[in-house]
Each structure stands twice: as C-alpha cells, then as structure tokens.
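# Chains, contacts and geometry: an overview
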Amino acid sequence: MRHHTIHLFRKGLRLHDNPALLAALQSSEVVYPVYILDRAFMTSVMHIGALRWHFLLQSLEDLRSSLCQLGSCLLVIQGEYESVVRDHVQKWNITQVTLDEEMEPFYKEMEANIRGLGEELGFEVLSLMGHSLYNTQRILELNGGTPPLTYKRFLRILALLGDPEVPVRNLTAEDFQRCSPPELGLAERYGVPLPTDLKIPPESISPWRGGESEGLHRLEQHLADQGWVASFTKPKTIPNSLLPSTTGLSPYFSMGCLSVRSFFYRLSNIYAQAKHHSLPPVSLQGQLLWREFFYTVASATPNFTKMAGNPICLQIRWYEDAERLHRWKTAQTGFPWIDAIMTQLRQEGWIHHLARHAAACFLTRGDLWISWEEGMKVFEELLLDADYSINAGNWMWLSASAFFHQYTRIFCPVRFGRRTDPEGEYIRKYLPILKNFPSKYIYEPWTASEEEQKQAGCIIGRDYPFPMVDHKEASDHNLQLMKQVREEQYRTAQLTRDDADDPMEMKLKRDLSEENLPKTKAARMTEQA
DNA sequence: CGTCCCGTTGGTCTG
DNA sequence: CCAGACCAACGGGAC
C-alpha cells in the first residue's frame, strides 16, 4: 500500500538517524513533514522559556532548510495538536501518521490520542523509537519488572542487552524523490514563525544556536580530538571555565537535533582505536548511559517529577519561601558563585553539570531547604537541554531525595567554586559589578572592609546583596532536619510494614518503642551524656 | 535475616 | 601539590 503520510515531528528534529521518517518515505506516495506548534502545550505543559523558544524555532528553521534542500519542505502548523491532525487528515486524505515514540507521560498521551483519531478516521499510526538508546521496557523486564535504582546495576542489565540498535542511514534526495512533496503553496502558508510572531522577546545573547546542522558541527569539532574523547572523565571537567569544558551537546540531544545512537557509535569507534579509554560512569559514553538510566527509572515510577506519590522519593516538609526562591532564581542570593551560575543559566540557557549541583544543593538540602520541585521548574524553563526525566532525576539526586543519600556532603557556595577558579574569572564575567573585587574576597565579598569595597567600586548591601543565609549555620541546621526526616521516615515505614504483616497492636507498640528505633551516633552520644 | 561493601564529581586535615 | 584518611553515616544490593 502506498500511503499518504503525515510525519509528525515532536522531538527528533533531524534527518540523520530518523527511523520514523525513513519508514514514512519508504511506504508513501506523498509525505507531509509537519511540526504542530501548540503554544498552549509548550507553555502550560512544557514550561519553556524565551531561550528555549529561540532554540526551538532555530531548530525548526534548520530542519525546514534541510528538507527543502532534499526537495521537500516543513509545514509548521499552529494550533491544538489533536484538531490540527483531525483537520489535515481529512484535507489531505491521510492514511498514515508516523512519529517518534517518546516516554514522557504527556507525549504518550498525545500518541494515544492520535491512535484514537486513527481508529476513528481510518489512518494507521507508526511510531518508532528514535530518542533513546534502548527500549526501556526491555530493561525493566530484565530487572524483574522494577527499574534498577543504581547505575551499576543498570549497567549490568545493559551488558545483558548488548549494544544498542545501530542508527538508520542518513536520508538523501533520492529518498524524497520516490514520493511527492506536499502541494506547492503549503510551504509558504505554513512557514517557521519568527520569535516576534509568537511575541517572544527577540533579543537573545545565548551562544547556543538550535538545529541539526549546528549540532552536527559541534559534534564533529569535539570528536576531532580523539585523545580528549578517549580520556574524558566527567568529574575532572571544570564547572566554571569560561568556555564549556564538556561537549555542550546536551541541548541538541534533548530536542533530538542529534541522535544519541549515532553519537554512541561514533564514540565506540574512537574507543576501539584508542589504547586506553575511560569507562562509565565517568566516560563520554557513560554520560549517554546516565541519560538512559533516568529515562528507565522515570518510565516506571509513578509521579516521577513530584515528591508526593513518588515511591522512590524521600518525603520532606520543605520550607515555602517565595522570596528566597525568587532571589535564588534571579541570581540575588549574595553568594557570587551561586549568582554567577544563575546568571549564566538565565543568559545562556546552559551551565556545567557541577554548577547545577552547586545551585541545586544550595536551594534544597544545603542552604534554603526549598523543594527540589521548585528548582526543577526553574531549570525546566531556563535550561536549553531541559529533559523531563533527567531534570527530575538529578533534582532528587542533589536534594538527597532519591538515588543519592550521603546528605552530609554539602557543596560550599564559597569554597567549591574557588577550587577550580581561585581568581574568580567566572564570577567577574557573569557578575560585572564584582569585576574589580580583589580575588581574595570575590567568593565572599561581604568580608572585605568598607574601604576595600569602595575601592572595588561595589558596596555590599547597596550594589550587590548580602548573602541571604549564613551557609555554615544553614547547612548545619539542614543536616539536623535531614536526620529527623530520615528517622521519621523509618518510623513510618516500620508502621506501614507491620500494619500489613501483623495488625496486632502489641507488636506495633513494641516495634515503635524507643529502644527499637534506630539511633544515630549523635543520638547515642546525647544519651550517654 | 544480618552484615558488609560501595556509591559519577564534599570538606578538611595530614603526610 | 596531591593522595589518602577521616568525617558521619545513608541505603541498595550482594552474599
């Protein structure tokens, strides 16, 4: 059967390793490449901010241009996705819709709705996995139905599965010539809108440009240095270097401008030629597998992006403090290292992984004791590489709510950054107000004398805020809170377990009595004293 | 069931 | 300058 097909781009904004689009071209006499720009969805479900809008529109423009070069086009149709599909299926006599399979609940729901429409209107739906290395369902099965909760265990499952599927071949003009492009006139009617058309602020000083072409260009630049690729070890990269010390390819992966499978195999080839190469978790390939790890856990965990109702997430009564949250979000904490990070995030939409750690630890268990969900929302809006599963997973990690539990390890907002950038060049770049501050004080400018502040041209408290908390005091306090939370949690777990096993009141009482509760060393010391 | 090992990237001190 | 011990001590998972 020769189909009339709509290929629906959602992520996967690329022509290389695009299995669903390839299948569309091979099975159709006409293919309509469509991107549905659903602004309400983007704003209320995806929560994308201005920088991400720019990145998306640039990616669409690049995709349109590449499709045109191959004799096709891209139709960007604005509207609610279900009614757009319904309208055009009838208008264009569509018999097939192809799309990438995605794992986020809202994208799954979208696909289910399109399948429902297919049954109603009589078209077929073909979805193929293009955004991840493995089928997460297979990983779950091999782990006995539950997601592996440690990376090590996850890797062991992957070893059973072997290498991921190889990428499909690049699309060529011949592929597109075998079937007709959309009618003339449609391309003009459904062009890629400009930011101003969508009332998005036009100015953008982000150094990241969206699109497959730019992504491939950056990828080639990095892969050219084979020694660097082979010896890459993540923790040794520098969070506050003025240019990214990692690949900075994440925005392109999150939107599917680059294929993770293609990258995986490019890395494998380089490793095969190198005498020595680093290994997961710290290697470059290991980074791709971290992404996969969080996808897997997220796909099998209810309420993964929330605390409430999330079975793997520690339940904590975080403070609600709109003012402190706002100051954190808008780079006004008074800790230059944290504020520089948040400034880079706001201006460029990308910060180093360790910088994310520092900022996240500060907001949650480190200093402010504000819910990781709030931080996650801010990152979702501002990070170009924001990804549903990875974002939530890392916020739980950093807040010691799941995956990571050694809550005594707290990032110091003063000393952590100073280790790799003692002169504070990163701070000077993103907080120009502190440009002339002496290096000695730049991570804690409030310790400079009035005279020194005057000389540096920045009075703390007037030109730049005082720190919003005393880090030492706050982190000690939070440490105690975290200890309490964990003891409480144990008590609750004990209660529910015994409830299920043995409802007898006597047993409950016995197990909940003081001497049967676990004691921290600190508690034991107090007792002795 | 208990015990022990170890974990992608803290901080501090010592040798 | 760097490696390693220690801090205080969690929880998943192996045994």
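As a reminder, the structure under discussion sits directly above these lines.
Note that the structure is a prediction, hence the values are computed from the model and not measured.

### Considerations on the nonpolar core
The biggest cluster of nonpolar side chains holds 165 residues, and the ones touching the most others in it are Tyr 35, Leu 56 and Trp 328. In this structure Tyr 35 touches Phe 9, Arg 10, Leu 13, Met 42, Leu 56, Leu 60, Leu 74, Leu 75, Val 76 and Ile 77, once residues within four positions along its chain are discounted.

### Overview of the sheet that holds strand 4 (residues 96–101)
A sheet is described by the order of its strands in space; here five strands give the open sequence 3-2-1-4-5, paired in parallel fashion. Strands with a single pairing partner mark the edges of an open sheet, and in this sheet they are strand 3 (75–78) and strand 5 (124–129). Direction aside, neighbouring strands of the sheet carry axes that sit 30 degrees apart on average. Bridge count between strand 1 (residues 3–9) and strand 4: four bridges; the pairing is parallel. Note on strand 4: the bridge partner recorded for Ile 6 is Val 97. Strand contacts of helix 1 (residues 19–27): strand 1, strand 2 (28–37), strand 4 and strand 5, with the helix running at about 145 degrees to strand 2, the strand carrying the most contacts.

### Considerations on helix 10 (residues 212–223)
Taking 1.5 Å per residue as the helical rise, helix 10 with its twelve residues ought to reach 16 Å, and the 16 Å between its terminal C-alpha atoms agrees with that figure. Of all the residues in helix 10, the buried ones are Glu 212, Gly 215, Arg 218, Leu 219 and Leu 223. Buried residues of helix 10 fall within an arc of 130 degrees about the axis and therefore sit on the same side. Where helix 10 is buried, its residues contact helix 3 (50–69), helix 11 (226–231), helix 12 (250–254) and helix 13 (260–273).

### Here's the deal with the pattern of salt bridges
One side chain can pair with another of opposite charge once the charged atoms of both are near each other. Evaluation of the coordinates by the stated rule reveals 18 salt bridges. For Arg 64, the salt bridge identified is with Glu 61, shortest N-O distance 2.7 Å. Here the residue Arg 64 and the residue Glu 61 both occupy positions in helix 3, the gap between them amounting to three residues, near one helical turn. Using a relative accessible area of 32% as the deciding quantity, one classes Glu 61 as partly exposed. Its salt-bridge partner being Arg 115, residue Glu 111 comes within 3.0 Å of it at the nearest N-O pair. Residue Glu 111 and its partner Arg 115 are both found in helix 5 (residues 105–121); the two are separated by four residues, about one turn of the helix. Accessibility expressed as a relative area gives 34% for Arg 115, which makes it partly exposed. Linked by salt bridges that have partners in common, Lys 11, Glu 102 and Glu 104 make up one network.

### Quick notes on the side chain of Gln 344
Tracing the chain through its elements places Gln 344 in helix 16 (residues 336–348). Judged by its relative accessible area of 5%, Gln 344 is buried. Among the polar contacts made by the side chain of Gln 344, one reaches the side chain of Tyr 426 at a distance of 2.7 Å.

### Let's talk about the packing of helix 7 (residues 151–161) against helix 14 (residues 284–299)
Where helix 7 meets helix 14, the closest approach of the two axes is 10 Å, and the angle between their N-to-C directions is 95 degrees. The angle between helix 7 and helix 14 falls in the class roughly perpendicular. Residue-level contacts link Tyr 151, Phe 154, Leu 155 and Leu 158 of helix 7 to Gly 286, Leu 289, Trp 290, Glu 292, Phe 293 and Thr 296 of helix 14. For the contact of helix 7 with helix 14, the class distribution of residues is seven nonpolar, two polar and one charged.

### Let's talk about the environment of His 88
As for its placement among the helices and strands, His 88 is situated in helix 4 (residues 81–91). We classify His 88 as buried; its relative accessible area is 5%. Residues His 88 and Lys 275, 187 residues apart in the sequence, show an inter-C-alpha distance of 55 Å. At 2.8 Å, the side chain of His 88 and the backbone oxygen of Val 84 are in polar contact.

Cut-offs applied
- Think of each chain on its own: its residues are numbered from 1, step by step along the sequence as written.
- Chains carry letters from A onward and ligands carry numbers from 1 onward, assigned in written order.
- Only residues with pLDDT of at least 70 are given local features in this predicted model, and only at 80 or more are side-chain atom pairs given and counted; all residues enter the totals for whole chains, interfaces and linings.
- Only heavy atoms go into the side-chain values, all of them from the structure, while hydrogens and water stay out.
- Among buried residues, those of type Ala, Val, Leu, Ile, Met, Phe, Trp, Tyr and Cys that are joined through side-chain atoms within 4.5 Å constitute a nonpolar core.
- Residue exposure (1.4 Å probe, protein chains only): buried if accessible area is under 20% of the type maximum, exposed if over 50%, otherwise partly exposed.
- Residues count as neighbours in contact if any of their non-hydrogen atoms are within 4.5 Å of one another.
- For two strands to be treated as a pair, DSSP must find at least two bridges joining them.
- Elements are defined by DSSP. Helices are runs of H or I of four residues or more, strands are runs of E of two residues or more, and each kind is numbered from the N terminus.
- Here, axes are lines fitted to C-alpha atoms. For helices the fit covers the stretch in contact, and angles between N-to-C directions go from 0 to 180 degrees.
- Expected helix span is taken as 1.5 Å per residue step, with the number of steps being one fewer than the number of residues.
- Directions are taken from the helix axis to each C-beta atom, and the arc is the one they span.
- Every case where a carboxyl oxygen of Asp or Glu lies within 4 Å of a side-chain nitrogen of Lys or Arg is listed as a salt bridge.
- Any N or O atom pair separated by 3.5 Å or less is treated as a polar contact, with the protein-specific requirement of one donor-capable and one acceptor-capable atom, and with residues adjacent in sequence counted only for side-chain atom pairs.
- Any angle that is under 35 degrees is reported as roughly parallel, and any over 145 degrees as roughly antiparallel; angles of 65 to 115 degrees are reported as roughly perpendicular and all others as oblique.
- Each residue receives one of three labels: charged for Asp, Glu, Lys and Arg, nonpolar for Ala, Val, Leu, Ile, Met, Phe, Trp, Tyr, Cys and Pro, and polar for the others, Gly being one of them.

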